Amino acid sequence: MAFGQHPGDADEPISDINVTPLVDVMLVLLVIFIILAPLFAQALRVDLPTAEAPPSAEPVVADLTLKADGSLALDGNPVAVADLPARLAERQAREPELVVRLSADEAVAYGKVAKLLSRIREAGVERLAFRTRAP
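Caption draft 1: Geometry of the pairing of strand 5 (residues 127–130). Pairing geometry for strand 4 (residues 98–104) and strand 5, over 4 bridges, is parallel. When the sheet's bridge partners are listed, Arg-101 is paired in strand 5 with Ala-129. Note on the crossover from strand 4 through helix 3 (residues 110–122) to strand 5: the handedness is right-handed.

Caption draft 2: A look at the pairing of strand 1 (residues 60–66). Direction of pairing for strand 1 relative to strand 4: parallel, over a ladder of 7 bridges. Bridge pairing in strand 4 links Leu-66 to Ala-104.

Caption draft 3: Quick peek at the sheet that holds strand 4. Pairing in this open sheet of 5 strands is mixed, and the strands run 3-2-1-4-5 from one edge to the other. Because the sheet does not close on itself, it has two edges, and the strands there are strand 3 (77–79) and strand 5. Taking the axes of each pair of neighbouring strands and ignoring which way they run, one obtains an average angle of 30 degrees across the sheet.

Caption draft 4: Local environment of helix 2 (residues 84–94). Of all the positions in helix 2, only Leu-84, Pro-85, Leu-88, Arg-91 and Gln-92 are classed as buried. In an axial view of helix 2, the angular spread of the buried residues amounts to 135 degrees, which keeps them on one side of the axis. Residues of helix 2 that are exposed and point more than 90 degrees away from the buried face comprise Ala-86, Glu-90, Ala-93 and Arg-94.

Calculation criteria
Residues numbered from 1 in each chain as written. Predicted model: local features only at pLDDT ≥ 70, side-chain atom pairs only at ≥ 80, totals over all residues. Heavy atoms only, no water. Pairing = 2+ DSSP bridges. Helix = DSSP H or I, 4+ residues; strand = E, 2+ residues; numbered from the N terminus. Right-handed = clockwise from strand over helix to strand, strands pointing away. Axes fitted to C-alpha atoms, helices over the stretch in contact; angles between N-to-C directions. Buried < 20%, exposed > 50% of the residue type's maximum accessible area, 1.4 Å probe, protein only. Arc of directions from axis to C-beta.

Below you can see the structure in the form of structure tokens.
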């Protein structure tokens, strides 16, 4: 029997599909995509316009400390809970970019911190930060 001939009738069509060229083409495409993939992953290059702007001012920070015994200190000075909104409102009027940085003792109940936050909001302070300790 000769190569490429099938047993049976000579007029019968050949029904075998040779997949070797298909596999070769697919492997070549795979190699091309593997090589080109890092090029597609790079960031787009954009020519941004230049503009000058004044440097942004550093925000003014007021340190508010709530101790384990429930006492408050604003920038290291003791302050009563009732006086806190007035003092913060006064400072907010002088320094509009005021940020209140709250440091609360770990032993303080969540309810006390929530009430203190409502007092800070009552003073009109919009920016608040929480101080934590790194582990």
